[in-house]
Amino acid sequence: EFGEDKVRKFLHMEMDKYLTARSNESEKEKPLAYVDAGQGYILYQKGGIIMHALNKYIGEDSLNHAIKRFIDRYAFQGPPYPTTLDFLASLRLSTPDSMQYFITDAFQKITIYDNKITAVKSTKSGDKYVVDVTVDTKKLYADTTGKEIEAPSDDYIEIGVYKNKISLMQINKYKLKGGITKLSIPVNEKPYKVVIDPRLLLTDKKLDDNEMKIDDKEKLGRRDE
């Protein structure tokens, strides 16, 4: 079975390839919607990450319906031929208003995140636990030369609590503004670690600080080595 852990490892590898390729780019990087065949790392690595994220954010049925709508409209059509923007128009029809920003960020901008977990602790409450976690989120827009500027954000970001190194116990989605946010997450089992964006739906420039292990003494956590 191609489980979530294997999917995460694959996406981690693809994200590394994309980030490495863009750092070595000799030409101008283009947003996904405007890229040509000469920048395969955007078409394939970045494109795959984004389609995976869409599947999780809007749901498989909605994504399939958007693709079917596009094919039904343009299949076997002569000139003028459809463009990526026509495909985006179909995607937007299947995307709720609350997630329209993601279509813009993913396809029409070069968007990079710098999210991190800065502190975690766990407190036992009866036969359950409360996980207190501090996250620091940042969204960046890059121009075609790679220059990044911080962008205002109020984005949906997932926080996952694990019961061991690979087993995801619980995942919650929060609408987080940029900067520091403190969250309290009740869970039914003793937690092992906390991960921001555990399913790798966002292109994050540094994944090493996205997770933190909860100390066995239920004090301040440390990064899981």
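This write-up is about the structure you can find in this document. (Residues numbered from 1 in each chain as written. Predicted model: local features only at pLDDT ≥ 70, side-chain atom pairs only at ≥ 80, totals over all residues. Heavy atoms only, no water.)

**Remarks on the environment of A75**
At step 1: Counting through the fold element by element, A75 comes out in the loop between α3 (60-74) and α4 (84-93).
At step 2: A relative accessible area of 39% places A75 in the partly exposed class.
At step 3: Note: C-alpha distance between A75 and S122 (47 residues apart in sequence) is 54 Å. (Helix = DSSP H or I, 4+ residues; strand = E, 2+ residues; numbered from the N terminus. Buried < 20%, exposed > 50% of the residue type's maximum accessible area, 1.4 Å probe, protein only.)

**Topic: the sheet that holds strand β2 (residues 116-125)**
At step 1: Ordered in space as β2-β3-β8, the three strands form an open sheet in which the pairing is antiparallel. Either end of the sheet is taken by a strand with one partner, and the two such strands are β2 and β8 (179-187). On average, each strand axis in the sheet is inclined to that of its neighbour by 15 degrees, with strand direction left out of account.
At step 2: Inspection of the sheet shows strand β3 (residues 128-137) paired to β8 by nine bridges, in the antiparallel sense. Across the sheet, D132 pairs through a bridge with S184, a residue of β8. (Pairing = 2+ DSSP bridges. Axes fitted to C-alpha atoms, helices over the stretch in contact; angles between N-to-C directions.)

**A word on the nonpolar core**
At step 1: By size, the foremost hydrophobic cluster in this structure holds 56 residues, and its most contacted members are Y57, L91, F102 and F107.
At step 2: Considering each element in turn, this core owes the most residues, eight residues, to helix α2 (residues 40-58).
At step 3: Sequence-distant contacts of F102, that is, excluding residues within four places in its chain, are made with I50, A53, L54, Y57, L201 and L202. (Core = buried A, V, L, I, M, F, W, Y, C linked by side-chain atoms within 4.5 Å. Contact = heavy atoms within 4.5 Å.)

**Notes on unusual backbone geometry**
At step 1: In the segment running from P79 into P80, the intervening peptide bond is cis, with an omega of 0 degrees.
At step 2: Mapped onto the elements of the fold, P80 is located in the loop between α3 and α4.
At step 3: The residue F76 is not glycine, and still its phi comes out positive at about 65 degrees.
At step 4: Structurally, F76 is set in the loop between α3 and α4.
At step 5: We classify F76 as exposed; its relative accessible area is 88%.
At step 6: The phi torsion at D197 lies on the positive side, around 55 degrees, for a residue other than glycine.
At step 7: Note that D197 resides in the loop between β9 (193-196) and β10 (211-213).
At step 8: Taking the relative accessible area as the measure of exposure, D197 reaches 2% and is therefore buried.

**Thoughts on the sheet that holds β10**
At step 1: Pairing in this open sheet of four strands is antiparallel, and the strands run β7-β6-β9-β10 from one edge to the other. Here the strands that pair on one side only, and so sit at the sheet edges, are β7 (168-177) and β10. The average angle at which neighbouring strand axes cross in this sheet is 15 degrees, direction not considered.
At step 2: Pairing of β9 with β10, which is carried by three bridges, proceeds in the antiparallel orientation. Across the sheet, V194 pairs through a bridge with M212, a residue of β10.

**Structural notes on the pattern of salt bridges**
At step 1: The full count for this structure, using the stated rule, is 14 salt bridges.
At step 2: The closest approach of N and O atoms between K139 and D105, which form a salt bridge, is 2.8 Å. A residue pair is termed long-range when its members are at least 10 positions apart, and K139 in strand β4 (residues 139-142) and D105 in helix α5 (residues 100-108) qualify at 34 residues. D105 matches K139 in its accessibility class, with the two residues each being buried. (Salt bridge = Lys/Arg side-chain N within 4 Å of Asp/Glu carboxyl O.)

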